[in-house]
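Tertiary structure, described
Letter by letter, the chains look like this.
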Amino acid sequence: MKMLEERILKDGIVAQGDVLKVSGFVNHLIDVELMDECGKELRRLYANEQIDKILTIEASGIGIACLVARHFGVPVLFAKKARSSNISNSVYTAKVASFTHGNVSDIIVSKDYLNKGDRVLIIDDFLANGCALMGLRELCRQAKAQIVGAGIIIEKEYQGGGNKLRAEGMRIESLAKIKSMSVEEGIEFC
Ligand code: 5GP
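Everything in this summary refers to the structure shown in the same document.

Criteria and cut-off values
- Residues numbered from 1 in each chain as written.
- Predicted model: local features only at pLDDT ≥ 70, side-chain atom pairs only at ≥ 80, totals over all residues.
- Heavy atoms only, no water.
- Near = heavy atom within 4 Å.
- Polar contact = N/O pair within 3.5 Å; in protein donor to acceptor, adjacent residues only side chain to side chain.
- Areas by Shrake-Rupley, 256 points an atom, 1.4 Å probe, with all protein chains shown as cover.
- 1 Å grid on protein atoms, 1.4 Å probe; cavity = no way out; pocket = protein on both sides within 12 Å on 5 of 7 lines; lining within 4 Å.
- Sits in = over half its atoms within 2 Å of the grid points.
- Helix = DSSP H or I, 4+ residues; strand = E, 2+ residues; numbered from the N terminus.
- Nonpolar A, V, L, I, M, F, W, Y, C, P; charged D, E, K, R; others polar.
- Pairing = 2+ DSSP bridges.
- Axes fitted to C-alpha atoms, helices over the stretch in contact; angles between N-to-C directions.
- Contact = heavy atoms within 4.5 Å.

**Some words on the site of the ligand**
Residues in contact with the ligand amount to 17 residues; listed here are only the nearest, L20, D124, N129, G130 and K156. The separation between a nitrogen atom of the ligand and a polar main-chain atom of L20 is 2.7 Å. Compared with its free state, where it exposes 500 Å², the ligand has 89% of that area covered by protein. A molecule is said to occupy a pocket when more than half its atoms come within 2 Å of that pocket's grid points, and by this definition the ligand occupies the largest pocket. Within the residue set of the shell around the ligand, elements represented by two or more residues are β2 (19-21), β7 (119-127) and α5 (131-143). Residues belonging to the shell around the ligand are distributed by class as follows: eight nonpolar, five polar and four charged.

**Concerning the sheet that holds strand β10 (residues 186-189)**
Read across the sheet, eight strands follow the order β5-β6-β4-β3-β7-β8-β9-β10 without closing on themselves; strand pairing throughout is mixed. In the strand order of this sheet, the two ends are held by β5 (91-97) and β10, each with one partner. Mean inter-strand twist for the sheet, computed between neighbouring axes without regard to direction, equals 30°. Across three bridges, the pairing between strand β4 (residues 76-82) and strand β6 (residues 104-110) is antiparallel.

**Some remarks on the environment of A65**
With respect to the helices and strands, A65 occurs in helix α4 (residues 60-72). Those residues in contact with A65 that sit more than four places away from it in its chain are I54, T56, V76 and I123.

Given below as structure tokens:
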């Protein structure tokens, strides 16, 4: 998506450790107009699919998912990062290694809100190694919900998570796909 790529080049900051900072329009201060355009584009890409629910992961996915959900007219369910003591029989749970924090968290959703047969679109801000998507896929597997696909704002394609999951059969639509990125050379899109 041209508009998004231009904004990434203008305001994105490439940091050490393969991290792209987009705090000024995605992750901290949110450009609602731009995220709304992203929602419109994801709706166009998934126009032929019936979607019942959007699934994301806290925290940074939530705002984006809500703006995307407006275009689908469906609710947003976000997986919470749990303390182990929160995990009970009433939740589905999976483990996710955090790319940015370097730790592993348990994520949970209530069994009340993710149901058998739900047609789910997963939304997230970034796709790197694919751990967040794999965790969300695991929650859907436990619930017997069906993943229609994923919508990602920025995929760092060179990190391989997206293509691994595509090879496993997941449809993934990424609005900006980064082919290479470094502090020295900057960003190149696919
Ligand atoms: P993955 O689980 O695919 O390795 O990484 C995706 C998750 O890590 C996203 O939910 C996002 O929060 C975070 N993440 C991965 N790469 C970046 C990055 O370059 N910048 C930022 N801000 N977050 C990232």
